[in-house]
Structures are given as C-alpha cells and as structure tokens.
Amino acid sequence: MSAGHDHSHSHAHGHHHHDHTPKLDHLNTAFIVGIILNSAFVLLEVIAGLWSHSLSLLTDAGHNLSDVAGLALALLAFKLSNVGSSREYTYGYKRSTIIVSFFNAVILFVAVGFIGYEAVMRFIHPETIAGGTMAWVAFAGIGVNAFTAYLFVKDKDKDLNVKGAYLHMAVDAIVSFGVVVSGIIIYFTKLYWIDSVVSLIVAIVILRGTWSLLIDSLRLEMDGVPKEMDLENIKQELKKADGVLDVHHVHVWALSTTENALTAHLVIDPGSPLSFDSIKHDLRHRLEHLSISHSTFEPEFENEKCVKVGC
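Everything quoted here is computed from the prediction, not taken from an experiment. (Residues numbered from 1 in each chain as written. Predicted model: local features only at pLDDT ≥ 70, side-chain atom pairs only at ≥ 80, totals over all residues. Heavy atoms only, no water.)

With that settled, the discussion passes to the overall build of the chain. When its secondary structure is counted, the chain shows eight helices and three strands. Along the chain direction, N to C, the helices and strands of the chain fall in the order α-α-α-α-α-α-α-β-β-α-β. Counting all 311 residues of the chain, 46% fall into the buried class. Counting only contacts in the chain whose residues sit at least 6 apart along the sequence, the fraction spanning at least 24 positions is 76%. When the accessible surface of the chain is summed, it comes to about 15,700 Å², and 65% of that surface belongs to carbon and sulfur atoms. (Helix = DSSP H or I, 4+ residues; strand = E, 2+ residues; numbered from the N terminus. Buried < 20%, exposed > 50% of the residue type's maximum accessible area, 1.4 Å probe, protein only. Contact = heavy atoms within 4.5 Å. Areas by Shrake-Rupley, 256 points an atom, 1.4 Å probe, with all protein chains shown as cover.)

In this section: the environment of V175. Within the secondary structure, V175 is located in helix α5 (residues 160-189). Between the C-alpha atom of V175 and that of I142, which follows or precedes it by 33 residues, the distance is 8.3 Å. When sequence neighbours within four positions are dropped, the list of residues in contact with V175 reads D60, V202 and V205.

Within the structure shown, the criterion is met by five aromatic pairs. Arranged with centres 5.1 Å apart and planes meeting at 40 degrees, the rings of Y89 and Y93 form a pair that is tilted. Residue Y89 is classed as partly exposed on the basis of its relative accessible area of 45%. Here the aromatic rings of Y187 and F188 are separated by 5.1 Å at their centres, their planes lie at 90 degrees, and the arrangement is edge-to-face. The exposure class assigned to Y187 is partly exposed, which follows from its relative accessible area of 48%. Residue placement shows K190 over the ring face of Y187; its charged tip is 5.7 Å from the ring centre. (Phe/Tyr/Trp six-rings, centres within 6.5 Å; stacked < 30°, edge-to-face > 60°. Lys NZ or Arg CZ within 6 Å of the ring centre and 35° of its normal.)

Another point: the nonpolar core. The nonpolar side chains of soluble globular proteins are, as a tendency, buried together. Counting residues in each nonpolar core, the largest one holds 21 residues, and the members touching the most others are L57, M134, V179, V202 and I206. Looking at this core, the elements with two or more residues in it are α1 (27-52), α3 (96-124), α4 (131-152), α5 and α6 (193-221). Beyond its immediate chain neighbours, meaning those up to four positions away, L57 contacts E45, A48, G49, S52, M134, V137, A138 and V179. (Core = buried A, V, L, I, M, F, W, Y, C linked by side-chain atoms within 4.5 Å.)

To continue, consider the sheet that holds strand β1 (residues 244-254). Strand pairing within a sheet occurs via backbone hydrogen bonds; the two strands may be parallel or antiparallel. What the three strands build is an open sheet, ordered β1-β2-β3; its pairing is mixed. Of all the strands in the sheet, the pair left with one neighbour each is β1 and β3 (294-301). Taking the axes of each pair of neighbouring strands and ignoring which way they run, one obtains an average angle of 15 degrees across the sheet. Of the pairings in the sheet, the one linking strand β2 (residues 260-268) to β3 comprises eight bridges and is parallel in character. Residue pairing in the sheet places V267 in a bridge with E300 of β3. Packed on one face of the sheet, helix α8 (residues 276-288) meets β1, β2 and β3 and runs near 140 degrees to β3. (Pairing = 2+ DSSP bridges. Axes fitted to C-alpha atoms, helices over the stretch in contact; angles between N-to-C directions.)

Another point: the packing of helix α2 (residues 55-81) against α5. Look at α2 against α5: their axes get within 10 Å of each other, and the N-to-C directions meet at 165 degrees. Judged by the inter-axis angle, α2 sits roughly antiparallel to α5. In the packing of α2 onto α5, the handedness of the crossing is left-handed. Contact residues: S56, L57, D60, H63, N64, D67, L71, A74 and F78 in α2; N161, V162, A165, H168, M169, D172, V175, S176 and V179 in α5. Tallied by class, the residues present in the contact of α2 with α5 amount to nine nonpolar, six polar and three charged. (Parallel < 35°, antiparallel > 145°, perpendicular 65-115°, else oblique. Left-handed = near helix turned anticlockwise from the far one by under 90°. Nonpolar A, V, L, I, M, F, W, Y, C, P; charged D, E, K, R; others polar.)

Let us now look at the pattern of salt bridges. Summed over all chains, the structure comprises eight salt bridges. Of the charged contacts in the structure, one is a salt bridge between K94 and E259, with a shortest N-O distance of 3.0 Å. On the criterion of sequence distance, the pair formed by K94 in the loop between α2 and α3 and E259 in the loop between β1 and β2 is long-range, its members being 165 residues apart. Classification of E259 by relative accessible area gives buried; the value is 8%. As a salt-bridge pair, K280 and D277 come within 3.1 Å of each other at their nearest N and O atoms. Separated by three residues within a single helix, K280 and D277 lie in helix α8, roughly one turn from each other. Given the relative accessible area of 54%, D277 is considered exposed. (Salt bridge = Lys/Arg side-chain N within 4 Å of Asp/Glu carboxyl O.)

Another aspect to go through is α6. Taking 1.5 Å of rise per residue, 29 residues should cover 42 Å, and α6 covers 41 Å from first to last C-alpha, within 8% of that figure. At T210, α6 shows its maximal kink, close to 30 degrees. A positive backbone phi angle near 60 degrees is found at D223, which sits one or two residues after α6. (Expected span 1.5 Å × (residues − 1). Bend = angle between axes of the 7 residues up to and from the residue.)

Nothing here speaks to function; it is all geometry.
Right, dumping it as structure tokens:
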C-alpha cells in the first residue's frame, strides 16, 4: 500500500453489500397458523370464562389476545423488513422489527397490570366459578399454546421477535396447565379464591418472561450493542487482520432484529503489501462470523492523528 500522506484516502469507506442474515421467510406460515389458532382459542376462552365466571380464563384470554396482536405485529414487521430502501428510508423498514418487539413487551406489561387489578378485586368480591369448565378449556389451551410454540422453536435464537413468540407461547402452555389444576381444585373443594391466586401467578409468570424481552428490545431501540455481542472481542478480531495496526471509534448497533451494523476507524500499516480493498475483504469475512452483515471503515495511517471526538 502506498505510504503517501495526501488526504484523498482519509475518508474512504468500505460498504458491505452481501446479505448474510438469517432467512426466516418460512416463518410467515408459522405466524399465520399461530394467529388463526390463538384467535379461535381466545374466542373460546372468553365465552367459557363469561359462562363459568372464571377470572383465570378471562385474564388468560386477555393475555392470549395480546399474543395474537403480538404475532400479527411481528408478521407485519417481517413483511416490512423485506421492503427495499428509498430516498427517505435508506435502510428500508428493517427497524420496524425492533419497534414491534418493544411494543409487544409494553403490551404485555399493561396486561399484567390489568390481571393484577382484577385478581385483587376478586379477592374482595369472590364469585362462584364452574371449575370443570375452567379446567377443560384450559386443557385445550395447553395443546394450542404448545403447538404454536413448536412452530417457532427452530428459529427462536435467530430473531428477537421469534424468540418473543416462542417464549410467550411456551409460558402460556405452562399457565394453562396451572389453570387446569386450579379448575380441578375448585371443582372438588369449592375454594373459589384459588382462581384469584392463579391469576396473580399468571401475572408474575408473564412479568418474568417479558422483562428480558423488554430490556433487550429497549437496548436495540437505543442503538446499544446487541446483548449477544462483545465489543472488546469485536475490536480484537479486527486487529488480527493483516495490515491493521489498531482500531478505534467502533460503533455496533442493530439495523433490525436479525441484522447488525458496524462502523470503525482503522489504523493501517503504511508498509503493508495489501491493498485496502484486500484488508476490507478480510475484515468483512471476520465480521460475518460475528453476525455483523453491514460494515463501514475509515482508514488512517500510523502517523496520522484522529482528531474527532470519541477516537
């Protein structure tokens, strides 16, 4: 590489045009099937809950309705993420997947508040409950939720929205099991307060399952480094490339729930026999293995001083 000190090279950028992100197009069918199954089950739960006066069924129906909304929003986000770029949105609508994951977490927290309030009110004003109906409907819920969770199990570690869908459905299956148990207890003992206790347990389970989703999506929303990535490890990997003496001013953030981007200043060895294009090619290959599909580099020579804030 030339050791010239003119400034024509100082702002050269390398842009990554290859797509190495996970392909999740097959999940469209999974989301659609999940939406249809859970919508039908929500209707069943509402009818049975009103007839049996079961708060557990009604609150679980409300929770399942939020899951249906979440699945629908996630499906919409996946569709939008495939829309091409424009002059107004140069990355397209990829970020919609992050917005949806955050919005889903907020919806679930609102549902938890509602469930907690209704459970307390039922303690104060208990009602007679048809435990048998409650148990049978919840038993059907185990099947619906477990099957829906199965639709996402293969891809749950590839995308935050898919992980959210999987966790919600798996948790719902466990919650439905709890409602079955409480329905059986109520049927044989007439201890109607059990219904409120189960509702509070449902709220706590939802809260625990939703907290990590909220934190992870908020981190991406604030352009934080994705949780699974180690910034120091990324810097060390970049420094391993031939011709690179040092790396600084490194930024890593999520473009979507499946795509990550990086910008970095590279201190280049003036005596390196490699061209900058060759160095970029090596760096991009390294970053692909770290789940970073878009990268931009600004080269500097060893005897240059970066005067930008944050270097």
